[in-house]
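Fold and geometry: a report
The chain contents come next:
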Amino acid sequence: MAGRLLILVQAIMNRNLLFLSALAGAISMAGSASAQNSWNFANGHVSIQFDRAALSRSGISVSDLRRSDALAALRLPGNSWSIDSRMSTLTLDADGRSNVNIGVGELVVNGGFTLSSNGDSVNFQDFGLQLKKESGPADLNVVGYHYPPYEAVPLEAGAPVARYDQGLGHLDLIGYELRVSHALANIWGRPQLAGTRIGTLTVTGDLKLAPRPTVSATPRGGPELDIAMCQLYGFTAVPGGSETINGIVYNSYAASTDSVNFGAHPVTWLSTSQAANVNHMHPTIGLNVFRKLSTGELEQIGEGDLKHAFTALQNPTCSTGCQSLSGTALGVGCSDPYWNSLNYSQPSLGPKIEVNPYTGIWNKAGSSFPRAGNYPYTPTEFRMKVANQDILPAGQATYWMEGYYMAGFANNGNYVTSNPAQITETVDTNKYNNFGWRQVNITVSSTGVASGTTLGSFSTDNNESTNPNRRPYITQWGDARWTMEPNKVGEVITAVRVTNVGSGWYKYDYAVYNMDLDRQVKSFHVSVSDSLSVRNISFRDIDKNAANEWTMTRANGDISWEMQAGVPNPLIYARMYNFRFEAQSAAVPGWASATMVKAGDFPELNRAVSGPPPSTQPVTGTVTIPGWVGNIQAQVNLRLTPIDSGSLTNINGVTVAHPSGAISAQTAVRGRYLVSVGGAPFLRKNFAPIVTVGHDGNDIPVNVTLISGDVDGSGEIDAADIDMVISQFGSTSSTPCDADGSAEVDAADIDLLIANFGQTGDI
């Protein structure tokens, strides 16, 4: 017993010495304020290490972790997101490594998370960091949004350690204490939570001296480019717009569209007749028609090419304070109308495929537009056309038109035609309000004469919550809708409608709409368990060509639809296809994925969706635990964190075989995941590289080495862990304090904790 007491005394002394040493290492120096320079923040990341125990005690949950940079998370603690270098600037003055004075600044983060409590959520997707201290390491606000109403809500963070390497130009802001703000606590109706610590935050990146004066890519007062649908009206059949193609009679239709500039700068609006070096700098306008069957299915029946805008009128139709300009740019707050006769005038229509929908840029190289002279257009060429056979008898369907604008140029100064250098190529900040929809009526007489009229209304209000018309029509259909991810260069929206058709069978109708992805979609896959009965698999596109139908297969845990090789029929932007089947199961959380025609920096699109039960695939690998003697079997928890989309998935109680370290489990997830292994007494460890579980349900490998000693599950081996082991010293019951698996809490466990003291796990 005396020997054990001596061991306990020595352990306590060692613990305290290590604790004081760690504390001393965390102390930093802050210099006095001096003249500061402005810097662009590049190659940066923000990492948040949530305190799961504190969140649990406070009744706060973290969800929807999106666009996490898992590779950065392997070297930074917590969940990591990249900083948008184009939109991130701060002021800083440094003298050596520790004397760092940080002034004001704004950093924009790609991705984020959602915090929820008391039944209410606040969205921190693409959150901002507002630096607000004028000397020393800066305090900051982590700014998210609460909707509705759409209001900014901060988390508060302060007391960092600042480290700046002048030689490398690298800045680290470490150890921000992340706390609930009064505003956030009040939104949740829990004012007592104000000041609650929920984690730590780290900012790291390279600094480059910004030019003077610093110009932000998103100027104060509004986004650089935001053109929206102001009005959608005047739906009509085009006179003389009827044509028979491959034995099918089509009629042309058009509508009037008004745009409005909700951005902070004028929108460039140069006609095609102007100088060749700038004549591609103008918006384009498109039109679609959908029908909703009386049985509930939504189908696209009409699609047009693009109207090229040519002159901007300056009307105060949809916004107050129109800052009127000449016709070569649409002023801030101003509206511009295009009547239906202009939108169906063929000399100003051009191929849809030539415009990148995400950037709004028209690649006019080799274009068939404009055509010179009295070119003999066919009656429906480039126009929005609908087959007469798709107009059903009264009562069998309703009809809906959709219009949209695409723009990619804004002015960053007082624009003059002779100075195109003042035109900025940029991406529209709100793609959803570029679209608009409205109900229409279409009739075709017994002699084939078509007519069209507009129904309902379209508000000029720019609040999307009160004016749902200002968005793609697909957002109004189905039981649920999801954006396929990663949505970095355009969005593909998947909606599903599940119908009970009786006798245990359910009809799954997936409508997939490519809103603005230039890479085009060539396949769509839904994960379905191989053991599940399935019938009536079908595909519907917009044309009447039976030769280019996508092929349908069921294999490897999927139902798949794929474009035929050599028979192009891609899902291009502003187009919708239907994918349908019946399964003998009600809907559960499932998975869908898609592949693309054009190459890019990510291989496929993925999203967790409603669907039949998916197939599972094995999770296998080896877990090595130094110091584990194996008298009892170790058990670990696997956590699969989605990189693009999907739900955080935990597989608990996985047994680690001794001495081989082999593990085996099953999961039904699909997509790209960061896999981590942990669970007390082991520090959590992320497995590199990122695991991609494709639509073929491939295996998930896991091979990690775990450090034992985190007996309280805090994510760090510290004094609290040693205190717990001491409190249970001599116990032979199953407990995390048995850090070496010997079946007894003894001196060897204390030795193991001391050897691993100060180490932290991944999150």
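My aim in this report is to walk through the structure given alongside it, one point at a time. Predicted, not measured: the structure shown is a model, and the values here were computed from it.

**Observations concerning the overall build of the chain**
Looking only at helices and strands, the chain has 7 helices and 44 strands in total. The buried share among the 763 residues of the chain stands at 54%. Excluding contacts between residues fewer than 6 apart, the proportion of contacts in the chain whose partners are at least 24 apart in sequence is 68%. Summed over its atoms, the accessible surface of the chain is roughly 30,600 Å², and 52% of this surface lies on carbon and sulfur atoms.

**Observations concerning the state of the cysteines**
With the rule as written, the count across this model stands at 2 disulfides. Covalently, Cys322 is tied to Cys334 through a disulfide, its sulfur atoms 1.9 Å apart. Here the disulfide of Cys322 and Cys334 is right-handed, its torsion about the S-S bond being about 95°. Residue Cys322 is found in the loop between strand 18 (306-308) and strand 19 (329-330), and its partner Cys334 is found in the loop between strand 19 and strand 20 (335-338); the two are separated by 12 residues along the sequence.

**Describing the sheet that holds strand 42 (residues 671-679)**
The strand order 40-39-42-43 describes an open sheet built from 4 strands, whose pairing is antiparallel. The strands lining the two open edges of the sheet, one partner per strand, are strand 40 (649-656) and strand 43 (682-693). On average, each strand axis in the sheet is tilted by 25° relative to the strand beside it, whichever way the strands run. As judged from the 6 bridges shared by strand 39 (residues 634-642) and strand 42, these two strands associate in the antiparallel manner. Bridged to Thr641 within strand 42 is Leu674.

**Remarks on the side chain of Thr196**
By the secondary structure assignment, Thr196 is in the loop between helix 4 (182-187) and strand 12 (197-209). Take Thr196: its relative accessible area is 16%, and that puts it in the buried class. Looking at Thr196, its side chain comes within polar contact range of the main-chain oxygen of Leu193, at 2.6 Å.

**Quick look at the packing of aromatic side chains**
One pass over the structure, following the stated rule, counts 28 aromatic pairs. Measuring from centroid to centroid gives 5.4 Å for Phe539 and Trp550, while their planes differ by 10°, and the two rings are stacked. Placement of Phe539 in strand 32 (residues 534-540) and of Trp550 in the loop between strand 32 and strand 33 (551-555) is noted, with a sequence separation of 11 residues between them. For the pair formed by Phe539 and Trp550, the shared burial category is buried.

**A few points about the pairing of strand 13 (residues 227-245)**
Here strand 13 pairs with strand 14 (residues 248-261) via 12 bridges, running antiparallel. Within strand 14, the residue paired with Ser242 across the bridge is Asn251. The antiparallel hairpin formed by strand 13 and strand 14 contains 2 residues in its connecting segment, where Asn246 sits at a positive phi of about 50°.

**Examining the nonpolar core**
If you look at the biggest cluster of nonpolar residues, it comprises 42 residues, and the most contacted ones within it are Phe113, Leu115, Phe127 and Val203. Every residue in contact with Phe127, bar those within four places of it in the chain, is listed here: Val46, Ile48, Trp81, Leu107, Val108, Val109, Gly111, Gly112, Phe113, Val142 and Val143. The next biggest cluster of nonpolar side chains, apart from the first, holds 33 residues, and it includes Ala309, Val386, Ile391 and Tyr405.

**Some words on the pairing of strand 41 (residues 662-667)**
Where burial is concerned, the two faces of strand 41 differ: the one with Ile663, Ala665 and Thr667 is buried and the one with Ala662, Ser664 and Gln666 is not. Note that strand 38 (residues 617-624) and strand 41 share 6 bridges and pair antiparallel. By the bridge assignment, Val619 is partnered in strand 41 with Ala665.

**Regarding helix 7 (residues 747-755)**
Looking at helix 7, one finds that the buried residues are Ala747, Asp749, Ile750, Leu752 and Leu753. Its side-chain oxygen placed 3.2 Å from the backbone nitrogen of Ala748, Asp746 serves as the N-cap of helix 7.

**Considerations on the sheet that holds strand 38**
On the basis of which strands lie adjacent, the open sheet formed by 3 strands has the order 41-38-44 and mixed pairing. Both outer strands of the open sheet, strand 41 and strand 44 (700-705), are each paired with one neighbouring strand and no more. Sheet twist, expressed as the average angle between the axes of neighbouring strands with direction ignored, equals 20°. Relative to strand 44, strand 38 is paired through 6 bridges, and the arrangement is parallel. Within the sheet, the bridge partner assigned to Thr620 lies in strand 44 and is Pro701.

The rules behind the values
- Residues numbered from 1 in each chain as written.
- Predicted model: local features only at pLDDT ≥ 70, side-chain atom pairs only at ≥ 80, totals over all residues.
- Heavy atoms only, no water.
- Helix = DSSP H or I, 4+ residues; strand = E, 2+ residues; numbered from the N terminus.
- Buried < 20%, exposed > 50% of the residue type's maximum accessible area, 1.4 Å probe, protein only.
- Contact = heavy atoms within 4.5 Å.
- Areas by Shrake-Rupley, 256 points an atom, 1.4 Å probe, with all protein chains shown as cover.
- Disulfide = S-S within 2.5 Å.
- Pairing = 2+ DSSP bridges.
- Axes fitted to C-alpha atoms, helices over the stretch in contact; angles between N-to-C directions.
- Polar contact = N/O pair within 3.5 Å; in protein donor to acceptor, adjacent residues only side chain to side chain.
- Phe/Tyr/Trp six-rings, centres within 6.5 Å; stacked < 30°, edge-to-face > 60°.
- Core = buried A, V, L, I, M, F, W, Y, C linked by side-chain atoms within 4.5 Å.

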